[in-house]
Amino acid sequence: MTERKGTGAILLAGGRATRLGGIDKPLLEIDGRSLLQRALDAVAGCEPVVVAGPARSDVAGAVTWVRENPPFTGPAAAIVAALAALPEQPARPDAPGPAWTLVLACDLADPAAAVAALTGARAAASADLDGWCLGDRDGRAQWLTALYRTAALRRAAAALPDAGTHASVRTLVGPLRLELIAAGPATDDIDTWDDAERAGARPRPVPTALLTPTKETP
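(A) Molecular detail of the sheet that holds strand E7 (residues 131-135). With respect to topology, seven strands assemble into an open sheet ordered E5-E4-E1-E6-E8-E7-E9, the strand pairing being mixed. In this open sheet, the two edge strands, each paired with only one partner strand, are strand E5 (64-66) and strand E9 (178-182). If you compare each strand with its neighbour and ignore which way they point, the axes differ by 25 degrees on average. Summarising the sheet, E7 and strand E8 (residues 141-149) pair through five bridges and their orientation is antiparallel.

(B) Spatial organisation of the packing of helix H1 (residues 35-42) against helix H3 (residues 111-124). Relative to each other, H1 and H3 sit at 30 degrees, their axes nearing to 8 Å. In terms of orientation, H1 and H3 fall into the roughly parallel class. In the crossing of H1 with H3, the sense of the turn from one axis to the other is right-handed. Seen from H1, the contacting residues are Arg38, Ala39 and Ala42; seen from H3, they are Pro111, Ala112 and Val115. Residue composition of the contact of H1 with H3, grouped by class: five nonpolar, no polar and one charged.

(C) Molecular detail of the environment of Leu176. Of note, Leu176 is situated in the loop between helix H5 (169-173) and E9. Residue Leu176 is classed as buried on the basis of its relative accessible area of 11%. Remark: the alpha-carbon pair of Leu176 and Ala156, spanning 20 residues in sequence, is separated by 7.6 Å.

(D) Quick look at unusual backbone geometry. That bond from Glu47 to Pro48 is cis: its omega, -5 degrees, falls within 30 degrees of zero. Residue position: Pro48 is located in the loop between H1 and strand E4 (49-52). In this structure, Ala163 takes a positive phi of about 55 degrees despite not being glycine. Judged by its relative accessible area of 44%, Ala163 is partly exposed.

(E) Region of interest: the packing of aromatic side chains. Here the structure, examined in full by the defined rule, presents one aromatic pair. Across the ring face of Phe72, the terminal group of Arg67 is positioned such that the distance to the ring centre comes to 5.3 Å.

(F) Structural detail: the packing of helix H2 (residues 75-85) against helix H4 (residues 150-158). At their nearest, the axes of H2 and H4 sit 10 Å apart, and the two run at 125 degrees to each other. One element, H2, and the other, H4, form an angle in the oblique class. The crossing of H2 and H4 is left-handed. Contacts from Ile79, Val80 and Leu83 of H2 reach H4 at Leu153, Arg154 and Ala157. Class assignment for the residues of the contact of H2 with H4 results in five nonpolar, no polar and one charged.

The rules behind each value
Residues numbered from 1 in each chain as written. Predicted model: local features only at pLDDT ≥ 70, side-chain atom pairs only at ≥ 80, totals over all residues. Heavy atoms only, no water. Pairing = 2+ DSSP bridges. Helix = DSSP H or I, 4+ residues; strand = E, 2+ residues; numbered from the N terminus. Axes fitted to C-alpha atoms, helices over the stretch in contact; angles between N-to-C directions. Parallel < 35°, antiparallel > 145°, perpendicular 65-115°, else oblique. Left-handed = near helix turned anticlockwise from the far one by under 90°. Contact = heavy atoms within 4.5 Å. Nonpolar A, V, L, I, M, F, W, Y, C, P; charged D, E, K, R; others polar. Buried < 20%, exposed > 50% of the residue type's maximum accessible area, 1.4 Å probe, protein only. Phe/Tyr/Trp six-rings, centres within 6.5 Å; stacked < 30°, edge-to-face > 60°. Lys NZ or Arg CZ within 6 Å of the ring centre and 35° of its normal.

Spelled out as structure tokens, the structure:
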């Protein structure tokens with residue numbers, strides 16, 4: 001995946017999911033894969049991959065886990081915490097630190113489509129930009145479905161007070177030169193049970209062993 005060379009990824013998986021009753025939303029499943037695993041698969045080839053959220057053991061792939069401090073203080077704070085885990089200098093001569101960083105919320109119904117739209121925009125770009133973000137069906141910028149120049153995102157993060165605690169993502173990325181890419185369905189996310197039904201997302205099935213009553217010992 002040559003288009004991923006020099007690109008890291010920040011996946012945001014630490015929200016409260018209040019409109020879904022507080023479930024662990026990234027573990028909702030579509031076709032047997034969790035939303036978190038689908039996001040990880042979508043950024044395959046990116047290095048490193050940092051997930052901002054509680055560590056989960058049942059995912060495949062090399063992942064660095066971080067949490068914003070304190071937890072639940074917003075996605076801008078989560079991005080700031082994740083950026084601190086991205087190397088600023090090459091880890092080894094053949095693996096330079098990421099010049100670009102994908103930022104994805106882990107509630108996208110089709111994260112692969114979102115990543116394809118963003119990497120395609122970068123490949124076709126000629127302007128000196130700090131990144132691209134996708135626009136939803138109504139043309140609204142989705143700052144958490146975006147590809148940012150890492151150095152520019154670091155500078156913007158450093159300018160936030162209190163490590164971005166309770167800051168809006170719009171405030172974080174406001175100083176950046178970004179291009180909006182109309183992507184429509186690629187930005188569809190899952191915030192409500194209606195969204196989940198449309199996407200075919202369901203809670204992870206409970207293992208049969210946990211549903212089978214145990215016999216009492218006489």
